[in-house]
Structure formats: C-alpha cells, structure tokens
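# Notes for the structure review
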Amino acid sequence: MAAFNFEEYFQSKFSERLFQDPDASENHMTAATRLLEKKREMLELEQALSAQKEAFQMKMASLNSRREELDKKELSLRGSLMKFNQFLIETDIKKQRAEKKANNERQEKEQKVEEAEAKMAEREKLTSFLEKQRKVLEREKVYRSYMERVIEKSGEFQELKDILRKHDTLSSNLGDMIEKSTVMTDRLDSMKQEYYTMITKNDEATMRYTNIIADLTWRKETAMSNHQKWESLWTHIQNTAARNVLLLGRVKMATENIYVQIYKQRGIPAKEAESVDDQLIKIKTYIKDLTDIIVESSKQEKQSKEVFDRLAMPGK
C-alpha cells in the first residue's frame, strides 16, 4: 500500500479551514451529519498522523545525520581551501623566482654577446691596420735602391744604417703590434669558446626553467579547477539544506494550525506548547478522544437501530 500523503491531504481537506472559523461552515449541518463527518475525518487523521509521525521521525533522523555530515564536509572543505591557498602562494613565489633568474641569465647572456662583438670589431681593426703596415713595408722595399740614391744626394741621413735604424724602430713597433694582435687573437678565441659554452648552458637552463614554469602553470590551473568544483558542491549542499529547513518549517506551521483549531473547537484559548512534539502529543490525544466518542456513538446508534428493528418487526 502506498504511503499516505499528509501534505496533499491537508491541502485538499484543511487548506481553508486552517485559517477560517470552523463553526461558520458547520452551522448548516445536522448533528448526525457532523458526527459522521467527524468520524470519517478522525479516522483519516489518525492514519495520516500515524504515518506522518513515523515519516517525520525518520526525516528528523536523516536531517540530523546529514547536518553532521555537512559539518564534517565544511571542516574538510575549509582545510582544503587553506592548503590550496598556501599552495598558490608557494607556486607564485617559485614562479617569480624562476622568472627573475631567467631574466638575469638572459641579461648576462646579452652582455657577453655585446662584449664579444666589441672584441671582434677591435680585432678586425687591428688586422686591417697590420695589413696596411705590411703593404707599406712592401712598397718601401721596392724603393730601397731609391733610398740609397737619396742618401747620397740628401743631407738628412748620413748612412743607410740611419735609415735601417729607423726601419728597425718601425719594425720593432710592428712586431709589438703583431704580438699584441696575436695575444688579442688568442684572447678573442678563448672568449668565443666561453661565449659558445655560455650560450649552450643558457639555452639548457632556459629550456629547463620553461618546463618548470609550464608544469607549475598546469598545476595551478588544475588546483583552480578543483577549487571551482568544490565550491559548486558546497553551494549545492547549502541549497539542499535550505530546502529541507523550509519543509520542516511548513510542517511546524501546519502542526501549529491544527493545534490552534483543536483549542478553538473546544472553545478555550490555545496553550503555548514547549515544542512541536508537545503539540503532536496534544493532537494525538484529541484525535483519540474523538475516536472514542465516535466509537461509543456508533455503538449506541447500532443498539438504537436494533431496538427500532425489533419494534418494527411485529407490524410487518
């Protein structure tokens, strides 16, 4: 048998009577009709209240259990949110450190490249200068004989050795310049090797830090997705709890209205019950009293009918 729907019963039978004076709708009914109607309503109410009380107790137990679960979940969610916030802070710090280190290494790399380019430009200048000096010397050798003839005719140089001494001085200067150029070339080659080694290391470090940043970014996005999922779940839990509280309030309001109607029918002011359970006990007691009255009236009615039938039989 399907469970009696207490809410539908009250909506169909007592929705108007809960907020109206019951005596206004019963003045046109006879005592016997009202008694039969009360008997039928009391039977339905007794069945409905019995089933509804059991369902209400089960719902209260379920609500208490769910409230404990919600409290536990709330504590768990708060702990998860705190851990998540700490994780985001640590992730941002690591990301900032990695970006700062990568920027420093990139700036250092650019500085080394600029220094190497400057050294190479200086080397090209020195090489060009030496080449010009060699060409000058070649041209001077061609004119050696010419210089000897010039010495003979010139009064500036007494001997060829003066010119040779001058030449030795120039050659010495050229040798120094060549030696310096060689040293600069060796230094430039060493710097180029260091430059290429540094570029390789910087490329490896850049790739490594790029992978670290990508991994941290993915972990951050995953954590944010989990945060949104838990936030949605918490909103759903709050909405479900609000609906259950609203349903409980409607049950309490209906119980209060029935409780007041009982005292109105008795013609006495309603007493304030300490709780909904007290009101339900009063309602049950009232229904039991009405049921006893109806049963007793039914017995008397049956006995009266039997007497009437016995009196009517001789006439037939």
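Look up a bit, the structure's there.
About the thresholds
Residues numbered from 1 in each chain as written. Predicted model: local features only at pLDDT ≥ 70, side-chain atom pairs only at ≥ 80, totals over all residues. Heavy atoms only, no water. 1 Å grid on protein atoms, 1.4 Å probe; cavity = no way out; pocket = protein on both sides within 12 Å on 5 of 7 lines; lining within 4 Å. Points joined across faces, edges and corners; volume = space filled by probe spheres on them. Helix = DSSP H or I, 4+ residues; strand = E, 2+ residues; numbered from the N terminus. Phe/Tyr/Trp six-rings, centres within 6.5 Å; stacked < 30°, edge-to-face > 60°. Lys NZ or Arg CZ within 6 Å of the ring centre and 35° of its normal. Core = buried A, V, L, I, M, F, W, Y, C linked by side-chain atoms within 4.5 Å. Buried < 20%, exposed > 50% of the residue type's maximum accessible area, 1.4 Å probe, protein only. Contact = heavy atoms within 4.5 Å. Salt bridge = Lys/Arg side-chain N within 4 Å of Asp/Glu carboxyl O.

## Examining empty space enclosed by the protein
According to the stated counting rule, one finds two cavities of 30 Å³ or more in the structure shown. Size it by volume and the second largest cavity reaches roughly 40 Å³. The dominant element in the lining of the second largest cavity, judged by the number of residues it contributes, is helix α4 (residues 160-266), at four residues.

## Examining the packing of aromatic side chains
What the rule picks out here adds up to one aromatic pair. Considering the side-chain rings of Y195 and Y196, the 5.5 Å spacing of their centres and the 55° angle between planes classify their relative orientation as tilted. The ring of Y209 carries R208 above its face, with NZ or CZ at 5.3 Å from the centroid.

## Quick word on the nonpolar core
A general feature of soluble globular proteins is that nonpolar side chains tend to end up buried together. The biggest cluster of nonpolar side chains holds 12 residues, and these are M42, L45, L49, I258, Y259, I262, Y263, I283, Y286, I287, L290 and I294. Looking at this core, the elements that each hand over two or more residues are α2 (31-142), α4 and α5 (276-312). For this core, the element with the highest residue contribution is α5, accounting for five residues. Discounting chain neighbours no more than four positions away, the residues touching I294 are K38, K39 and M42.

## Overview of the pattern of salt bridges
Enumeration according to the criterion identifies five salt bridges in this entry. Residues D92 and K220 are paired through a salt bridge, measuring 3.8 Å at the closest nitrogen-oxygen approach. Placement of D92 in helix α2 and of K220 in helix α4 is noted, with a sequence separation of 128 residues between them. Residue K288 is joined to D292 by a salt bridge in which the shortest nitrogen-to-oxygen separation is 3.5 Å. One end of the pair, K288, and the other, D292, are both in helix α5, four residues apart, so they sit about a helical turn from each other. On the basis of relative accessibility, which here comes to 52%, the residue K288 falls in the exposed class.

Scope: geometric values only; no functional claims are made or implied.
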